[in-house]
Amino acid sequence: MLMKELRLVRLAAYLTCSLMPWLACAATAPAEQDSQTRSESNDADTSGSTRLPQINVRGWWVSPYLVPDSSSATLTETPLVDIPRSIHVIPESVLRDQNAQSLADAIRNAPSISVNMGEGMRDEFLIRGVKTKSDFYANGLRDDTEYMRDLYNIAHVDVLLGPAALVFGRGGAGGVVNLVTKLPEPRHIGEASLEAGSWQHWRGTADIGDQVGESGAFRVLAMGEDSGGFRDHYFLHRYAVNPEFGYQFSANTHLDLGISYLSDRRIVDRGITSQNGRPVDVPRDTFFGAPDQNMSDGDVGAITANLSHDFDTNLKLVSSFRASDADRDYLNTYAGGAVDGNGEFKMKGYAHSHHRRSYINRTDLIADIDSGQVKQTLVFGSEYSSQRDHDYQTLPSEGSKNLPGRFPIANPEIAPIAFPYLDRDNHVVGKEFALYAQDQLSWGDRWKAVIGARWDRFTVDADYRNPEVTPDHTYNADNTWSPRAGLIFKPIENDSIYASVTKTYTPQGANIALSRKSPDGANLDPESAINFEIGNKLELMNGQLLITAALFHLELDDVVAEAADGSGELVNTGAQRNRGFSVSADGALNDQWSIFANFTHLTAKITEATEEADSGARVGLVPRNQFSIWTRFAVSPHWGLAAGVHGESEKYTSYSNNVTLPQYVVGDLMAWYQTDKFRVQANLNNVSDKHYFPTASSDYEIMPGEPRNLMVSLGFNY
């Protein structure tokens, strides 16, 4: 095992180091590129007109693979190099070049993140070894409904590693994912795309917008998809629309309004089971469960508003609001045990519906103060949210998800079954109120700091309407403080050496009804996490390439995880220690060659034994080593090539450490041709047709990776 991991580390190190001579050479080259020489002249005439002198224009090239500033980590637009923590911004151009089909595809471009299968119907990741299915945000506001997000309206995906409670509130012990959407612009926008690919993949998108009068602008983004998949019976039908309107009331006041709606219907596929501690040896398209019944049908709608007002050049007010409504019906049957010596296994199943209505408002007052010696940006803010859930679930057997009998591995498909037994009928209201303050300081030419703290009061009021559940009501409130502090030393202008400490809390009812499933544990202490980090950020190529390295140590207490058997029950896995290092390179080496790459070494272990988990056990789905390298080369303004490789060392499917997923390395290729009016792109994924297993949901729910496949897209500008 150790030798396999060492080989994977050597491969990642070789691929990274092979680029370093190019980095060194490129760093010495000027970032300015001579543009075409322009000359404007008037012919001399008898009136004395003269020829104007020749003007030489020197322009800057801008990397399409680097977003240099972000407000996700500090609430103020701040250069990434001046943020004392790990933050990785994945731009739309990377997502387009890779033809990313999901948030899971996008997220592999950030270090320290692995994917959980999410029961085949929701986004779920492990960030620095911490499992999350609710730490998702849209433009800085909580978007914790369980669903598969689409990328059709995304400008960039911001990934913050380590606790970020001051900005985002409860949860996020390992980090958070903030999706920044496209906004109206005072210009004409006319774009559309069509995609076709393997397994009858069909998808189309549209992006139109324009200026309205002198002060307004609109934008409408839309998407539709009808696709199959490499797994038997798989289908996906989804569509979405997102109209946006912006209005400039005055030079100091701006308002953005938006509405979004997503409909998603797909077969629920929870993968294959295991045998003898490994994925069972069956064809990778083999379906387990009832294909005529396993369905997920969901709708998510949201209304958003963002108002900003500048009182003067040094004082600004920003207020953001988001109201959302989400419905999901979910029926599924899946493998609930390993294959035994007789070639048989158990199955589980349940029917689940969930409705969530959320209202969230955040208001920030931002002040810039320059006292001469010290420059400060102060943020004083408040946040209020109210979320109301109705969670309803029925089972095939009384008090159990187990289906009667055992099933042969030779025929793992079954007929539809009934779910007559009520498991839960819960009505839960969660409310959060927070106050926070932050100070970004700089003094001299070499020192910067960020300090702040947030106070949260989070309450959960739950009614349990299953007559068999007692008590039938619980109420609890958690009051928590979440501090942060970071210090930056800049030996030169384009280099930042930083150290930071951050802390966060995750109440046991943090995800409302989806984490308050029963009265058990209603009064348990919140999970706490503290992260220590040191790192270095170096800008090269006049700011077009950002190299980031970080060393981190994360301690967690009172950790709760889902049971390893796939039952969905929540269990206490005690304390956890996650530590490691990561390195990344985002941006361009010159005006033709771009790169987006990362490598992580991470050890995540349980440090305190409980009835469910052993001390010293490794956290499930967290590889010790993982990497992703994607690079593109524009041969000319019209066409170019790209290639990528990503992989992970072996990992366990859960904290039980009973089932191992083998290590893998997968390569992808891309080519494009474009003019001013259209772009043709072809992506060949999994070039070597590697048979691998990237993710799981439990010891008995393992998803094979996609075989070799081809996707072709045609984009239009009009």
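Because the structure is predicted, anything quoted here is derived from the model rather than measured.

So, how was this worked out
Residues numbered from 1 in each chain as written. Predicted model: local features only at pLDDT ≥ 70, side-chain atom pairs only at ≥ 80, totals over all residues. Heavy atoms only, no water. Helix = DSSP H or I, 4+ residues; strand = E, 2+ residues; numbered from the N terminus. Buried < 20%, exposed > 50% of the residue type's maximum accessible area, 1.4 Å probe, protein only. Contact = heavy atoms within 4.5 Å. Areas by Shrake-Rupley, 256 points an atom, 1.4 Å probe, with all protein chains shown as cover. Core = buried A, V, L, I, M, F, W, Y, C linked by side-chain atoms within 4.5 Å. Salt bridge = Lys/Arg side-chain N within 4 Å of Asp/Glu carboxyl O. Pairing = 2+ DSSP bridges. Axes fitted to C-alpha atoms, helices over the stretch in contact; angles between N-to-C directions. Polar contact = N/O pair within 3.5 Å; in protein donor to acceptor, adjacent residues only side chain to side chain. Patch = residues over 30% accessible without salt bridge, like charges linked within 9 Å, V, L, I, M, F, W, Y side chains within 5 Å. Lys, Arg positive; Asp, Glu negative; His and termini not counted. Charge placed at Lys NZ, Arg CZ, Asp CG, Glu CD.

Chemist: Please set out the overall build of the chain residue by residue, giving values where relevant.
Modeler: Along the backbone of the chain there are five helices and 42 strands. A total of 718 residues make up the chain; the buried ones form 55% of that total. Pairs at least 24 residues apart make up 67% of the contacts formed inside the chain by residues separated by at least 6 positions. Of the roughly 29,900 Å² of accessible surface on the chain, a fraction of 55% belongs to carbon and sulfur atoms.

Chemist: Would you mind going over the nonpolar core in detail, with residue names and values included?
Modeler: In this structure, Ile 90, Ile 113, Phe 125, Val 157, Val 159 and Val 177 are the most contacted members of the largest nonpolar core, which totals 26 residues. If you list the elements that add at least two residues to this core, you get helix H3 (92-98), helix H4 (103-107), strand E7 (125-127), strand E11 (154-161), strand E12 (175-181), strand E34 (625-634) and strand E38 (664-674). Apart from the residues within four sequence positions on either side, Phe 125 is in contact with Leu 103, Ala 104, Ile 107, Ile 113, Ser 114, Val 115, Asn 116, Val 130, Lys 131, Thr 132, Phe 136 and Val 177. Leu 126, Phe 552, Ala 696 and Ile 702 belong to the second largest nonpolar core, which has 24 residues in total.

Chemist: Kindly report on the pattern of salt bridges, identifying the contributing residues and their values.
Modeler: What the rule picks out here adds up to 42 salt bridges. Here Asp 143 makes a salt bridge to Arg 149, at a shortest N to O gap of 3.2 Å. For the pair shown, Asp 143 and Arg 149 are each scored as buried. Across the pair Arg 424 and Asp 391 runs a salt bridge whose closest N-O atoms are separated by 2.5 Å. Taken as a pair, Arg 424 in strand E26 (residues 421-443) and Asp 391 in strand E24 (residues 374-395) lie far apart in primary sequence, 33 residues in all. Of the two residues, Arg 424 and Asp 391, both sit in the buried class. Each member of the salt-bridge network shares a partner with another, and the members are Glu 119, Arg 122, Glu 124, Lys 131, Lys 133, Glu 146, Arg 270, Arg 328 and Glu 701.

Chemist: So what about the sheet that holds strand E6 (residues 113-115)? Which residues, and what values?
Modeler: The strand order E6-E7-E8 describes an open sheet built from three strands, whose pairing is antiparallel. Both edges of this open sheet fall to E6 and strand E8 (130-132), since each of them pairs with a single strand only. Recorded for the sheet is a direction-independent mean angle of 30° between the axes of neighbouring strands. Bridge count between E6 and E7: three bridges; the pairing is antiparallel. Across the sheet, the residue bridging to Ser 114 is Leu 126, located in E7.

Chemist: Kindly report on the sheet that holds E11, identifying the contributing residues and their values.
Modeler: If you walk across this open sheet you meet the five strands as E5-E11-E12-E9-E10, and the pairing is mixed. The open sheet has two edge strands, strand E5 (86-91) and strand E10 (141-142), and neither has a second partner. In this sheet, E11 lies alongside E5 in antiparallel orientation, the contact comprising six bridges. When the bridges of E11 are listed, Pro 91 appears paired with His 156.

Chemist: I'd like a description of the pairing of strand E33 (residues 593-606), backed by residues and values.
Modeler: Within E33, twelve of the 14 residues are buried, which leaves the element mostly enclosed by the surrounding structure. Taken together, the nine bridges between E33 and E34 define a ladder with antiparallel strand orientation. Paired with Ser 594 across the bridge in E34 is Arg 632.

Chemist: Please provide a residue-by-residue account of the side chain of Gln 626, values included.
Modeler: Following the sequence through the fold, Gln 626 ends up in strand E34. You can call Gln 626 buried: its relative accessible area is 9%. Separated by 2.8 Å, the side chain of Gln 626 and the backbone oxygen of Ile 113 make a polar contact. The contacts of Gln 626, once residues within four sequence positions are left out, are Ser 112, Ile 113, Asn 598, Phe 599, Thr 600, Gly 647 and Glu 648.

Chemist: Could you give an account of a negative patch on the surface, with specific residues and numbers?
Modeler: A surface patch of negative charge is lined by Asp 525, Asp 557, Asp 558 and Glu 608. Relative to the helices and strands, Asp 557 is located in strand E31 (residues 545-562).

Chemist: Which residues make up the environment of Leu 179, and what values go with them?
Modeler: Here Leu 179 is to be found in strand E12. Along the backbone, Leu 179 and Phe 136 are 43 residues apart, and their C-alpha atoms lie at a distance of 7.7 Å. Sequence-distant contacts of Leu 179, that is, excluding residues within four places in its chain, are made with Leu 103, Tyr 137, Ala 138, Asn 139, Arg 149, Ile 154 and His 156.

Chemist: Describe in detail the side chain of Gln 681, supporting the description with residues and values.
Modeler: With respect to the element layout, Gln 681 can be found in strand E39 (residues 678-685). Here Gln 681 falls in the buried class, since its relative accessible area comes to 2%. Here the side chain of Gln 681 touches Arg 96 through a polar contact of 2.8 Å, landing on its backbone oxygen. A polar contact of 3.2 Å, which involves the side chain of Gln 681, links it to the backbone oxygen of Asp 97. Each residue touching Gln 681, except ones within four places of it in the same chain, is listed here: Arg 96, Asp 97, Asn 99, Met 670, Ala 671, Trp 672, Met 711, Val 712 and Ser 713.

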